[in-house]
Amino acid sequence: MNNFFYYLLFSSAILFYGIGLGRIVMIHDNYKSLLFAFLRTLIIVELTSIVAGFFTRTVLSRLNLFDFFPFFTLIIFLFFTALTNYVIYKAVKDFSFDFSTTFLFSLLAVQESSNFIELSVIAMACVLTFYLIQILLVAFKKRFDFFVPPEKIHAVSLIYINIAILIFSIFAWNVSWLNPCGLM
């Protein structure tokens, strides 16, 4: 449970690693499409992470080919993406998908985990953080509808400023940079 909250808040894939930060400002206006995208992304990331983690720990580690795990993770990711696209396309004709963000979530989960439970928890926390921040940014966007920014400032700039404030508020507890021993 500690890993879940750690990767959900303090080591968030979006806020700490920057995965999907450019994509997150393209906010879904419809909550139904957001829920559908969340479920689809969660399924793809979880399946990819578990299978890639298993393959990495069983095959690649025995052959001392651990450096090739991103390539094999990409192949597994493409398989599950194609499978999911086929199933979803049969049910729903219109969908959008972000390739790089979901692949990097899977890669992060495989890299950072030491067992399969951690792998699943990290993958779930990455996806959940991505969509929780999108919901938060929808609230910011609705708040900006009441406020007309000056001509020189775009709404996207205000969203990035709000993301920066969010990052500062989450990481304000970390005062390790105040340590005088690190400066000597």
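Up top is the structure.
Quick caveat: nothing in here was measured; it's all calculated off a predicted structure.

Visitor: Mind showing me how you'd approach unusual backbone geometry here?
Guide: A negative phi angle is the norm for most residues apart from glycine, just as the trans form is the norm for most peptide bonds. Here the phi dihedral of Asn64 falls at roughly 55°; this positive angle occurs in a residue that is not glycine. Tracing the backbone through its elements, the reader meets Asn64 in the loop between helix 3 (31–60) and helix 4 (69–91). In this structure Asn64 comes out as exposed when scored by relative accessible area, which is 69%.

Visitor: Would you take a moment to explain the packing of aromatic side chains for this structure?
Guide: The way to describe two aromatic rings as a pair is by their centre distance and the angle between their planes. Applying the stated criterion to the full structure yields 11 aromatic pairs. Relative to Phe72, the ring of Phe55 has its centre 5.1 Å away and its plane inclined at 50°; by these criteria the two rings are tilted. Taken together, the positions of Phe55 in helix 3 and Phe72 in helix 4 put the pair 17 residues apart, joining distant regions of the chain. Centre to centre, the rings of Phe130 and Tyr131 are 5.0 Å apart; their planes meet at 90°, and the pair counts as edge-to-face. Here Phe130 matches Tyr131 in class, with each residue buried. Here a set of aromatic residues connected by ring pairs shows up, and it is made of Phe38, Phe105, Phe130 and Tyr131. Between the NZ or CZ atom of Arg57 and the centre of the ring of Phe116, over which it lies, the distance is 5.6 Å.

Visitor: I tried to follow the side chain of Thr56 on my own but got confused; where do I start?
Guide: Its location among the elements puts Thr56 in helix 3. Using a relative accessible area of 2% as the deciding quantity, one classes Thr56 as buried. Within the structure, Thr56 has its side chain in polar contact with the backbone oxygen of Ala52 (distance 2.7 Å). The residues contacting Thr56, other than those within four sequence positions of it, are Ser61, Phe66, Phe69 and Val110.

Parameters at a glance
Residues numbered from 1 in each chain as written. Predicted model: local features only at pLDDT ≥ 70, side-chain atom pairs only at ≥ 80, totals over all residues. Heavy atoms only, no water. Helix = DSSP H or I, 4+ residues; strand = E, 2+ residues; numbered from the N terminus. Buried < 20%, exposed > 50% of the residue type's maximum accessible area, 1.4 Å probe, protein only. Phe/Tyr/Trp six-rings, centres within 6.5 Å; stacked < 30°, edge-to-face > 60°. Lys NZ or Arg CZ within 6 Å of the ring centre and 35° of its normal. Polar contact = N/O pair within 3.5 Å; in protein donor to acceptor, adjacent residues only side chain to side chain. Contact = heavy atoms within 4.5 Å.

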